[in-house]
Amino acid sequence: MTTPSLLILTDFFRAADQALAYATNLAKPLGARLVLLHVRRDSLLDPEMFTGQLSNLSKEATALALSRVADDLAVPMTVEIGHGRVAFAVADVVSRHHPLLIVLGRPDYSATPDELVQTTALDILRTAPYPMLIVPHTVSSPALPRRVLLAVDGEDFTIGPHAGAMRHLTRTLGVELTVLHVAPDAATDVSEEEVLNSVRRTGLGVDLPVPMRFRRTVAARPADGILHAAQAGDTDLLVMLARPRSFWGKLFGRSVTAEVLLASTVPVLVLPTLA
């Protein structure tokens, strides 16, 4: 049986270090190895070339930094170095290692206008949709997630080839899963049973220690409702569905997924759907 892996992106900044600590802790119960990817971002088309958020280490300094990271880890690790656009480098590594998840840290974008922010996460989703765990810079503890909030819209969905990996993750961690439905008004005609059934059909609720719970909130803007529910203090991990239509918008304001990724204070696991 092939050892599962987690793909971790690092630029050696603080957010990446925090994401690495989180992924290392996650890898232990999963029996997974880490694939550490550093991308020398020398493409003029890189969206963050305009924000000054790129590391600019020499080849020698990069090799030394990666060596030091490897020496400090308590789980097996493989190192990969890519060039150019991060999304393309990630797609290449994913095609060879087939990880359970891609993990990356979200830097502090508070001083950057939203219209200039093009996160690596969204770029990867557009180029090579794959389950992705985004760890905000505000997360200081790498504790394993137990209380998981899954935000759904009530429509049927499938996560295709990633269903098995996601069931392995939730079963191994023994998570308590709450399904969140955000309605535009109190008169919504989508029932609790319809919402829960849309999740059951994917297999995500199988073999959990306790039955799935249901929560509904009313919000004119879905992102606001999701963020409010996730940041209420009883959520360790927020799971978002990224339908193809949700991450092809040109601006963050057109994508609920992107708005949540930009503002969430808890880690977000993004699951691309097939429809």
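Above this text you will find the structure in question.
A brief report on the enclosed structure follows. A quick note: this is a predicted structure, and the numbers were derived from the prediction, not measured.

The rules behind each value
- Residues numbered from 1 in each chain as written.
- Predicted model: local features only at pLDDT ≥ 70, side-chain atom pairs only at ≥ 80, totals over all residues.
- Heavy atoms only, no water.
- Helix = DSSP H or I, 4+ residues; strand = E, 2+ residues; numbered from the N terminus.
- Buried < 20%, exposed > 50% of the residue type's maximum accessible area, 1.4 Å probe, protein only.
- Contact = heavy atoms within 4.5 Å.
- Areas by Shrake-Rupley, 256 points an atom, 1.4 Å probe, with all protein chains shown as cover.
- Core = buried A, V, L, I, M, F, W, Y, C linked by side-chain atoms within 4.5 Å.
- Pairing = 2+ DSSP bridges.
- Axes fitted to C-alpha atoms, helices over the stretch in contact; angles between N-to-C directions.
- Salt bridge = Lys/Arg side-chain N within 4 Å of Asp/Glu carboxyl O.
- Parallel < 35°, antiparallel > 145°, perpendicular 65-115°, else oblique.
- Nonpolar A, V, L, I, M, F, W, Y, C, P; charged D, E, K, R; others polar.

## Focus: the overall build of the chain
- Helices and strands together make up the secondary structure of the chain, namely 8 helices and 10 strands.
- Burial statistics for the chain: of 275 residues in total, 53% are counted as buried.
- A separation threshold of at least 6 residues defines the contact pool for the chain, and within that pool the share at least 24 residues apart is 83%.
- Approximately 12600 Å² of the chain is accessible, and the part contributed by carbon and sulfur atoms is 54%.

## Description of the nonpolar core
- Leu6, Leu34, Leu101, Leu133, Met166 and Leu269 are the most contacted members of the largest nonpolar core, which has 47 residues in total.
- By residue number, the principal contributor to this core is helix α1 (residues 14-30), which donates 7 residues.
- Apart from the residues within four sequence positions on either side, Leu133 is in contact with Tyr22, Leu26, Leu101, Ile102, Val103, Leu104, Leu237, Pro267, Val268 and Leu269.

## So, the sheet that holds strand β2 (residues 33-40)
- Pairing is mixed in the open sheet, where 10 strands are placed in the order β3-β2-β1-β4-β5-β10-β9-β6-β7-β8. Looking at the sheet topology across the chains shown, the edges are occupied by β3 (77-83) and β8 (213-218). Ignoring strand direction, the axes of neighbouring strands in this sheet form an average angle of 25 degrees.
- Two elements, β2 and β3, share 7 bridges in a ladder whose sense is parallel. By the bridge assignment for β3, Val35 is matched with Thr78.
- Relative to the sheet, helix α3 (residues 86-97) contacts β1 (5-9), β2, β3 and β4 (101-106), its axis offset from that of β2 by approximately 150 degrees.
- Against the sheet, helix α8 (residues 256-263) makes contact with β4, β5 (132-136), β9 (237-242) and β10 (268-272), and its axis sits at roughly 155 degrees relative to β9, the strand it touches most.

## Some remarks on the pattern of salt bridges
- Applying the stated criterion across every chain yields a total of 10 salt bridges.
- Here Arg213 makes a salt bridge to Glu176, at a shortest N to O gap of 3.4 Å. Here Arg213, found in strand β8, pairs with Glu176, found in strand β7 (residues 176-183); they are 37 residues apart in sequence, far enough to count as distant.
- Of the charged contacts, one joins Asp234 and Arg215 as a salt bridge, the two residues approaching to 2.9 Å between their closest N and O atoms. Here Arg215 lies in strand β8 and Asp234 lies in the loop between α7 (222-230) and β9, a separation of 19 residues in the sequence.

## A closer look at the packing of α1 against helix α5 (residues 163-173)
- In the contact formed by α1 and α5, the axes pass within 10 Å of each other and the chain directions differ by 85 degrees. The angle between α1 and α5 places the two elements in the roughly perpendicular class. Of the residues in α5, those in contact with Leu26, Pro29 and Leu30 of α1 are His168, Leu169, Thr172 and Leu173.
- Residue classes in the contact of α1 with α5 are distributed as 5 nonpolar, 2 polar and no charged.

## Describing the side chain of His181
- The residue His181 is located in strand β7 in this model.
- In this structure His181 comes out as buried when scored by relative accessible area, which is 3%.
- Those residues in contact with His181 that sit more than four places away from it in its chain are Val152, Asp153, Gly154, Thr188, Val190, Val195, Phe214, Arg215, Arg216 and Thr217.

## As for the pairing of β10
- Extensive coverage of β10 is indicated by the burial of 5 of its 5 residues.
- Side chains Val268, Val270 and Pro272 project from β10 onto one buried face, and the interleaved Leu269 and Leu271 project onto a second face that is buried too.
- With 3 bridges joining them, β5 and β10 adopt antiparallel strand pairing. Pairing of Leu133 across the sheet is with Leu269, part of β10.
- Sheet analysis places β9 next to β10, joined by 5 bridges and oriented parallel. Paired with Ala242 across the two strands is Pro272, which belongs to β10.

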